[in-house]
Amino acid sequence: MPQPHSTHWGSFLGEVTAAGLRVTPRAADPEPSPLLRNVPAAVDHAARVRRPTVRRGWWEDGPGPDDRRGRDGFVEVGWDEVLDRLAGELARVRDAHGPEGVYGGSYGWASAGRFHHAQSQVHRFLNLAVGGYVRSVGDYSGAAAQVVLRHVLGPSELVSKGTVTWDQVATHTDTVLAFGGMNLKNSAVGAGGISAHVERAAMTAAARRGAVFVNIGPLRSDLPDGIGARWLSVPPGSDTALILGLLHTLVTEDLHDRDFLARYSVGWDSLAEYLWDKDAGWAAAITGVPAGEIRELARRAAGGRTLVTVAQSLQRAEFGEQPVWAAVALAAALGQIGLPGGGFCYGLGSIGHYGRTRVAVPIAAVPQGRNRIDLSIPVARVADMLLHPGKPYDVDGRRSTYPHVRFAYWVGGNPFHHHQDLGRLSRAVRRLDTFVVHEPVWTATARHADVVLPATWTIERDDIGASAFDPVMTAMHRLVDPPGEARDDYAIFAALAERLGAGPAFTEGRDARAWLEWLYARIAKGLADEGLPAPSFDEFWAAGELELPQVEDRGGIIGAFRADPVGHPLPTPSGRIELFSETVAAFGYADAPGHPVWLAPTEVPDPRHPLWLVANQPSTRLHSQLDFGAHSLAHKVNGREVARIHPADAAARGIADGDVVTLFNDRGACLAAAAVTDGVREGVVQLPTGAWFAPLDPAAEHPFCVHGNPNVLTRDRGTSSLAQGCTGQHTTVQLARHEGPVPPVRAHEPPV
Ligand SMILES: Nc1nc2c(c(=O)[nH]1)N[C@H]1C(S)=C(S)[C@@H](COP(=O)(O)OP(=O)(O)OC[C@H]3O[C@@H](n4cnc5c(=O)[nH]c(N)nc54)[C@H](O)[C@@H]3O)O[C@H]1N2
Ligand SMILES: Nc1nc2c(c(=O)[nH]1)N[C@H]1C(S)=C(S)[C@@H](COP(=O)(O)OP(=O)(O)OC[C@H]3O[C@@H](n4cnc5c(=O)[nH]c(N)nc54)[C@H](O)[C@@H]3O)O[C@H]1N2
Ligand SMILES: [Mo]
């Protein structure tokens, strides 16, 4: 019998057949994601970690900084042996250094289930068994936006991303200025699961009504075919200049909404003064968009219901705070913030959960216990922290100091996927005493660890799939047995907690099934409190899913603010939209002053590295997950990731479609297969993230990845002193045809 299950990219029915796991997308999903095709490969793939495995040097010589990390041999050991050693090492670090010695940020997407949520499990374990850990703040997705929008619109998700729904776009919007586009491959994914993919239908309905979609960015494919989208090709990192040029035009042609600006915002005068020399011609010189087109676009935007969206990519770059703040200023000058289908919506189309209404009952989570210390780093500063304990740095108005971490525990994330400058990250993890990873598969992170514990993957356990932005809760049924000796993260932590004297505190006497019922009971209580029927757990489990009530859409905080800015102020210091922020100005940061400004990127194409690299999200998988799945593999060429380049850039280097090419800069190099297309802007190469890092020589200072991982090339530096966010989206490279023998790709083969 097919049973329901859920992933971050969609729900499905799974059934084991003679031909393997058969995956059938949820019937009510109008446009299931092709990423589901990657799922069957998870069953018993050679890349699965089957037994507890430890690095030889750590097992034989004990913990401590070690240059062999990442290139040492591994030995398989028994569960009891490894858990005893690991518990002893955790106790040693806790007693010698306190929770300050343990990094438990453990950033990553893990799986969609709410109980077997890897980060919830590791954080609960570290709090209860070790007393706490050094945390991470923000995420790789949108750290710069989160910080700047908190100052500009207020500290609430609802003020910046929940402001416009897809239904409103379909019904009300005349023009969408989509900075970074709204690529359907991105909105196909949402943390905690997606029951129905609605974005294409909404965009198509809007286009049929005559709405115009403008895709602003270096790739044509960032808006779907069939909606008549216009493509304004701009170089990476230039959006703020374009927006300032649009603002300048609005002001000179008196198209800006003075009443709105006066009533709802503060700081317009400072910004307007700054704008005086930023005319369309100035913006044209930076962006390559003709001045006439910039002016025409400004007029069009002022002439109807206009929505300004900013993809997360724009802010995952140096000075990434600026285009987001500038886009808010543009929407404010157009005067439509708070109108249905108009104004500003951060990240619409970047992720499946934006543009949807919210679930009206709280989604229960595993309780985290208490962290006895309050020490954190901005998430993307992890290599800095490991390399420079004690070093001071600035973030969001504070001067902080990196703690001295000895032990890193990573569960449900893949830093050797997500972090920048992997050569530097390799050097950083060598400073640790001990690096422990739970993983279902032999990722590059597992290969750099001391202790690799085999974790189950989602289809091997029962769970509950739910998100605050999706109306359907899924009973995720276990579909297959785990491979080898793999255990649930929960079971591993329960066994470790037991050894550390915190067993009952960690489990509260419940097994995994009892925890599912505990979580469900909380959600059911929420339903009952709303006067709604709540089936029993067994009924829910047998039905496979449960529809959750949605918050009635009344425009939310932004709608209430528009209706009455005095009675319903924004959660900012002034209560209004801060186009100038006294708070940010008082920080005194040259790289993030008090209003949005044009700051030219400091790493730009030069004669040695004449091309921009756009390292965006992959269309064929979620990050590094299931890179060995059928859909991901089908889009590689001879097992290598594909880099898209413009015909002129290819011709200048004698590169033909399908050639193996090397991308390189001073940090590293990688091979990729070339796809020559005029869908990328000239001067830009696009290579998505997620091909597993496969260094030819793991000891090399500057790694050479034979598979096509762009993070050997990217720069490890924060967005600015304001947010210190990830800047992985852009770097600069040279490109050449690869001559000579091509090394084989062995990324998906286990090291033992
Ligand atoms: N250059 C560049 N780099 C980027 C980006 C970019 O645009 N450019 N984007 C960044 C962004 S936005 C993000 S969010 C990050 C994503 O980075 P990550 O979230 O770290 O990437 P994933 O591949 O999703 O890693 C999840 C890991 O968890 C494992 N896993 C899955 N389920 C379980 C489980 O139940 N238990 C355990 N123990 N493990 C499990 C998977 O096998 C996988 O290795 O990448 C960032 N990196
Ligand atoms: N299929 C799939 N979907 C995903 C994910 C995945 O791994 N796979 N990851 C999910 C996650 S965790 C996140 S955070 C979101 C990320 O969402 P985004 O960050 O929005 O996604 P990206 O694909 O990295 O970037 C979108 C597009 O922005 C354009 N772009 C890059 N730099 C610039 C610039 O400077 N200016 C302009 N105007 N455009 C630019 C690129 O052409 C790129 O294709 O995606 C989510 N969705
Ligand atoms: Mo992300």
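Computed from a predicted model, the values in this text were never measured in an experiment.

What counts and how
Residues numbered from 1 in each chain as written. Chains lettered and ligands numbered in written order. Predicted model: local features only at pLDDT ≥ 70, side-chain atom pairs only at ≥ 80, totals over all residues. Heavy atoms only, no water. Pairing = 2+ DSSP bridges. Helix = DSSP H or I, 4+ residues; strand = E, 2+ residues; numbered from the N terminus. Axes fitted to C-alpha atoms, helices over the stretch in contact; angles between N-to-C directions. Near = heavy atom within 4 Å. Nonpolar A, V, L, I, M, F, W, Y, C, P; charged D, E, K, R; others polar. Domains from an automatic or database assignment. UniProt positions renumbered as here; feature names shortened; annotations may be inferred. Phe/Tyr/Trp six-rings, centres within 6.5 Å; stacked < 30°, edge-to-face > 60°. Polar contact = N/O pair within 3.5 Å; in protein donor to acceptor, adjacent residues only side chain to side chain. Areas by Shrake-Rupley, 256 points an atom, 1.4 Å probe, with all protein chains shown as cover. Parallel < 35°, antiparallel > 145°, perpendicular 65-115°, else oblique. Contact = heavy atoms within 4.5 Å. Buried area = accessible area lost by both parts, 1.4 Å probe. Salt bridge = Lys/Arg side-chain N within 4 Å of Asp/Glu carboxyl O.

### Overview of the sheet that holds strand β3 (residues 20-25)
Read from one edge of the open sheet, 3 strands run β1-β2-β3, paired in antiparallel fashion. Two strands in the sheet have a free side with no partner beyond their single neighbour: β1 (3-7) and β3. Neighbour-to-neighbour, the strand axes of the sheet open up by a mean angle of 40 degrees, direction not taken into account. Looking at chain direction, β1 and strand β2 (residues 10-17) are connected through 5 bridges and run antiparallel. By the bridge assignment, H5 is partnered in β2 with F12.

### Observations concerning the site of ligand 2
For ligand 2, the set of nearby residues contains 30 residues, the closest of which are K185, D222, D239, S313 and R316. Sorting the residues of the shell around ligand 2 by element identifies α7 (184-187) and α14 (312-315) as the ones contributing at least two each. Per-class residue counts for the shell around ligand 2 are 12 nonpolar, 13 polar and 5 charged. Counting the residues that make up the shell around ligand 2, at least three belong to each of domain 2 (150-358 + 558-587) and domain 3 (611-737).

### Some details on the UniProt feature "domain: Molybdopterin dinucleotide-binding" (unreviewed entry) in the protein chain
Using the residue numbers shown here, the UniProt feature "domain: Molybdopterin dinucleotide-binding" (unreviewed entry) corresponds to residues 611-728. Here residues 611-728 is 9% helix and 22% strand, with 16 Å between the C-alpha atoms at its ends.

### Some details on the packing of aromatic side chains
Tallied over the full model, the rule gives 27 aromatic pairs. Ring geometry for Y107 against Y140: centres 5.0 Å apart, planes inclined by 40 degrees, an arrangement best described as tilted. One end of the pair, Y107, is in the loop between β6 (102-103) and α3 (118-130); the other, Y140, is in the loop between β7 (135-137) and α4 (143-152), with 33 residues separating them in the sequence. Ring geometry for Y409 against F493: centres 5.4 Å apart, planes inclined by 50 degrees, an arrangement best described as tilted.

### Focus: the site of ligand 1
Near ligand 1 lie 35 residues; those nearest to it are H418, E439, R461, D489 and S624. R316 places a polar side-chain atom, nitrogen or oxygen, 2.7 Å from an oxygen atom of ligand 1. Separating a nitrogen atom of ligand 1 from a side-chain N or O atom of Q420 is a distance of 3.2 Å. Against a free-state accessible area of 920 Å², the protein chains account for coverage of 99% of ligand 1.

### Description of the sheet that holds strand β20 (residues 463-465)
Judged by pairing direction, the sheet is antiparallel, and its 3 strands sit side by side in the order β20-β21-β22 without closing on themselves. Strand pairing shows two members of the sheet lacking a second neighbour, β20 and β22 (545-547), which therefore form its edges. When strand polarity is set aside, the average angle formed by the axes of neighbouring strands in this sheet is 15 degrees. Examined bridge by bridge, strand β21 (residues 472-476) and β22 share 3 bridges and lie antiparallel to one another. Within β22, the position partnered with T474 by the bridge is E545.

### Let's talk about the UniProt feature "domain: Molybdopterin oxidoreductase" (unreviewed entry) in the protein chain
Residues given the UniProt feature "domain: Molybdopterin oxidoreductase" (unreviewed entry) here are residues 48-499. For residues 48-499, helix accounts for 38% and strand for 15%, while the C-alpha atoms at its two ends are 27 Å apart.

### Some remarks on the packing of helix α9 (residues 239-252) against helix α11 (residues 268-275)
Between α9 and α11, the least distance of the axes is 10 Å, while the angle of their chain directions is 100 degrees. Between α9 and α11, the angle falls in the class roughly perpendicular. Residues L244, L247, H248 and V251 of α9 lie in contact with α11, whose contacting residues are W268, L271, Y274 and L275. By residue class, the composition of the contact of α9 with α11 is 7 nonpolar, 1 polar and no charged.

### Topic: the domain arrangement of the protein chain
Each assigned domain of the protein chain is listed here: domain 1 (53-134 + 373-547), domain 2 (150-358 + 558-587) and domain 3 (611-737). Measuring from the centre of the C-alpha atoms in domain 2 to the corresponding centre in domain 3 gives 29 Å. In this assembly, 24 residues from domain 2 lie in contact with 25 residues from domain 3. Carbon and sulfur atoms supply 58% of the area that domain 2 and domain 3 bury against each other, a total of about 2000 Å² over both sides. The largest per-residue losses of area from domain 2 upon contact with domain 3 belong to P236, R316 and E321, which jointly make up 31% of the total buried on that side. Summed over the shared surface of domain 2 and domain 3, the result is 3 salt bridges. Our count for the domain 2 to domain 3 interface comes out at 12 residue pairs in polar contact (both at pLDDT 80 or more). A breakdown of the residues in the side of domain 2 that touches domain 3 according to their chemical character gives 11 nonpolar, 8 polar and 5 charged.

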